[in-house]
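Chain by chain, the residues run as shown.
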Amino acid sequence: MTEKIKIPDVNPSTNTNLAAQKKILRKKIRSELRELTPEQIQQKSLSVLENFWKSNDESVQKARQKYENACHILFYMPLPTEVNIVPLIEKAMKEGKNCYLPRIEDNEANNDDSTTASLQNMTFYKLDNSLPLSPSMPNAKDSQLEVGKYDILEPKTSLEKFDSVKPDTIVIVPGLAFGRDRTRLGKGKGYYDKFFAQNMIFGAAEIAQNMTKLAFCFDCQLLDTVPHDKYDIKVDIIITEFH
């Protein structure tokens with residue numbers, strides 16, 4: 001395993017090299033995740049989900065209760081090195097919850113093929129609970145998913161779009177690393193930070209502010225804190241194999 005990660009001072013008022021710190025940490029976390037075999041990732045993923053469903057920790061119990069009472073859940077399709085939350089999505093679909101997945105789309109004003117994050121938005125689409133989440137052949141005629149810009153399965157645009165923040169909404173937020181102080185380090189594109197900011201501005205601010213933001217990660221991704229500033233959205237609770 002790679003050497004233990006040490007995070008320098010991340011106080012925005014004293015740190016003048018925040019972007020460099022984030023870049024270094026992303027590189028180290030990706031290196032650690034690449035050392036995990038698919039079998040280890042699957043086993044760890046099962047442990048994370050089991051901890052979520054069975055933990056007696058008060059904060060986890062509160063998160064579980066909010067999740068079970070939620071009518072709208074914004075998920076994401078996990079990458080090979082992320083906690084496999086597909087069973088969680090499939091369970092929610094079977095229970096009849098309104099489940100959504102994100103799609104990266106070019107802004108209407110952008111007519112070229114640029115993949116610059118500033119020219120793109122993340123839009124959520126509602127899954128059809130009558131169809132399987134993961135058919136054997138993505139892009140098939142009966143599939144509601146297709147391969148997106150970054151080789152990630154995304155919902156098709158024929159599905160219903162998530163238009164505004166609603167009460168009783170849970171957002172499952174991905175990330176490369178998280179802090180015990182609920183800070184989050186994303187992959188560097190800023191899609192989720194922009195999504196939350198946009199909903200605060202254009203949606204019902206009080207509802208958006210009270211959305212429960214839940215994160216699943218492996219223990220190796222959980223640190224005391226991660227480099228952050230005032231624009232980086234914190235999550236409400238983090239679930240790992242043991243935390």
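Higher on the page you've got the structure.
Because the structure is predicted, anything quoted here is derived from the model rather than measured. (Residues numbered from 1 in each chain as written. Predicted model: local features only at pLDDT ≥ 70, side-chain atom pairs only at ≥ 80, totals over all residues. Heavy atoms only, no water.)

### As for helix H1 (residues 18–34)
- Compared with the 24 Å implied by 1.5 Å per residue over 17 residues, the 24 Å span of H1 between its first and last C-alpha is a close match.
- All of the buried residues along H1 are Leu18, Gln21, Lys22, Leu25, Arg26, Ile29, Glu32 and Leu33. Each buried residue of H1 lies within a common arc of 135 degrees when the element is viewed along its axis, so the set occupies one face. More than 90 degrees from the buried face of H1, the exposed residues found are Ala19, Lys23, Ile24, Lys27 and Arg34.
- Those residues of H1 that are buried lie in contact with strand E8 (177–179), strand E9 (184–185) and strand E11 (222–223). (Helix = DSSP H or I, 4+ residues; strand = E, 2+ residues; numbered from the N terminus. Expected span 1.5 Å × (residues − 1). Buried < 20%, exposed > 50% of the residue type's maximum accessible area, 1.4 Å probe, protein only. Arc of directions from axis to C-beta. Contact = heavy atoms within 4.5 Å.)

### Remarks on the sheet that holds strand E7 (residues 169–172)
- Here we have seven strands laid out as an open sheet, ordered E6-E3-E2-E1-E7-E10-E12, and mixed in their pairing. Each edge of the open sheet carries a strand with a single partner, namely strand E6 (160–161) and strand E12 (237–239).
- Judged from the seven bridges that link them, strand E2 (residues 98–106) and strand E3 (residues 120–126) form a sheet pairing that is antiparallel. Bridged to aspartate 106 within E3 is glutamine 120.
- Along the sheet face, helix H2 (residues 38–54) touches strand E10 (212–216) and E12 and points at about 140 degrees away from the line of E10.
- The sheet contacts of helix H3 (residues 58–69) involve strand E1 (72–74), E7, E10 and E12, and relative to E12 the element is tilted by about 100 degrees. (Pairing = 2+ DSSP bridges. Axes fitted to C-alpha atoms, helices over the stretch in contact; angles between N-to-C directions.)

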